[in-house]
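Coordinates in review
Single-letter residue listing:
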Amino acid sequence: MTRTVIRGGLVITAAEEVAADVLIEGEQVVALAATGSWVAEGWSAERVIDASGKYVIPGGVDAHTHMELPFGGTAASDTFETGTRAAAWGGTTTIVDFAVQSVGRSLREGLDAWQAKAEGNCAIDYAFHMIMSDVTENSLKEMDLLVDEGVTSFKLFMAYPGVFYSDDGKILRAMQQGADNGGLVMMHAENGIAIDVLVEQALAAGRTDPRYHGEVRHELLEAEATHRAIRLAEVAGSPLYVVHVSSESALAELAAARDRGLNVFGETCPQYLFLSTDNLAEPAFEGAKYVCSTPLRPEEHQVALWRGLRTNDLQVVSTDHCPFCFSGQKELGRGDFSKIPNGLPGVENRMDLLHQAVVEGRISRRRWVEIAAATPARMFGLYPRKGTIAPGSDADIVVYDPNATQTMSAATHHMNVDYSAYEGLVVRGKAATVLSRGTVVVEGDTYLGRAGHGRYQARATCQYLI
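To start, this report covers the structure provided alongside it.

Definitions and cut-offs
- Residues numbered from 1 in each chain as written.
- Predicted model: local features only at pLDDT ≥ 70, side-chain atom pairs only at ≥ 80, totals over all residues.
- Heavy atoms only, no water.
- Salt bridge = Lys/Arg side-chain N within 4 Å of Asp/Glu carboxyl O.
- Helix = DSSP H or I, 4+ residues; strand = E, 2+ residues; numbered from the N terminus.
- Expected span 1.5 Å × (residues − 1).
- Buried < 20%, exposed > 50% of the residue type's maximum accessible area, 1.4 Å probe, protein only.
- Pairing = 2+ DSSP bridges.

On to the pattern of salt bridges. For the structure shown, the criterion picks out 28 salt bridges. Between Glu149 and Arg108 there is a salt bridge, with its nearest N and O atoms 2.6 Å apart. Of this pair, Glu149 sits in helix α4 (residues 137-149) while Arg108 sits in helix α3 (residues 107-118), and the two are 41 residues apart along the sequence.

Below, the structure written as structure tokens:
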């Protein structure tokens, strides 16, 4: 069993910052000791990693990715192999992707299909949520079986009628089932029925450019759906996790529910913190690069989202990584914004963008680790195996150089997509060494990982309930 010591770094978890050395045996952390102490000095190992002047943090947990997702007549351009490799480059060591139930088919068929896509191809560890597209008596019973097997969260959509959409009755039934079996319902909260009316009207009036994608998906329709989802969860006695919160008004609904003591949680994404409708309005169809749902909002919403992260009205930052190349994929929507595949690349950028927020004083270092690693691990039943550095935890560790400078660009990123949503953005901080279960997968500018190293993770139920 290989022994590794990480020496001389500042160990940062959600709970503390301490100058400590970390001892790893095989795939797990076995001990921490103060740097320079007689305990740490007594450790011998086959491999010593010098972390002087650097942070030692838990590997990131990205709880919202869509590798190989079919959408709008095409599919996300990152495979499980390319997407997880890019995640590793960016300091993320676990993803939770979404298996998709097709209408008329069972949950099991969808889960098996996604397991087949991922197995043997992932560079880092992975797990699955289950998208429920067809709530029936049979699929409700299947929820119980999946929870027992470690698939403990289920995503439903108030958007995309005719594709993923569930009406309020189906949502209520799924929430009731989750209340009984411990499954956490995740909600895409937008009023899809109303949005479809606005889309039809916009196209009929000749408003076809990408910027209209944001206008028809009005923030009030996100807020209304968020409010409705909260009330349905309250009736069902179920916890609720609202994905990709993008607007101040939707966040206000979450904050009010939490003030009433409800188990309601919110996630936002880097694109809502760093991008805006100004990007959607870029000329010559460049705005198509930034089409995602929920959509980008005017810049003033960023202030509210950052505040929500500081007050814990938002608990998690995930990416909703769902990349489509500009050439040949985003271009499907030339002349009709509703045909632009929805999604942005970002799995490689999240940890660095959030560290830039630390540099700028928006969040603390511990909060960075909390929203990017510890809380997603707790929210989705992976903690303390993931999300922290402690004896018994998996040795998913990033030695992070806070003083490195990098320029984000499609020319240098490792995601399988032909543009960067953050092209030209200069940030401070970069992963210097990335370990996945004790194995070095990234060292400086060298990738040492391999497809198939990543292991499927069965999950417990939510560990974050009030």
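A few words now on helix α12 (residues 300-311). For α12, which comprises 12 residues, the first-to-last C-alpha distance of 18 Å matches the rise-based estimate of 16 Å (1.5 Å per residue) to within 8%. For α12, the complete set of buried residues consists of His301, Gln302, Ala304, Leu305, Trp306, Gly308 and Leu309. At the exit of α12 stands Asn312, carrying a positive phi of roughly 70°.

Time to look at the pairing of strand β1 (residues 3-12). Across the 10 residues of β1, 7 count as buried, placing the element largely inside the fold. With 8 bridges connecting them, β1 and strand β2 (residues 17-25) associate as antiparallel partners. Counterpart to Val11 in the pairing with β2 is Val18. Where β1 folds back on β2, the antiparallel hairpin that results is connected by 4 residues. In terms of strand pairing, β1 meets strand β5 (residues 55-58) through 2 bridges, oriented parallel. The partner of Val11 across the bridge, within β5, is Val56.

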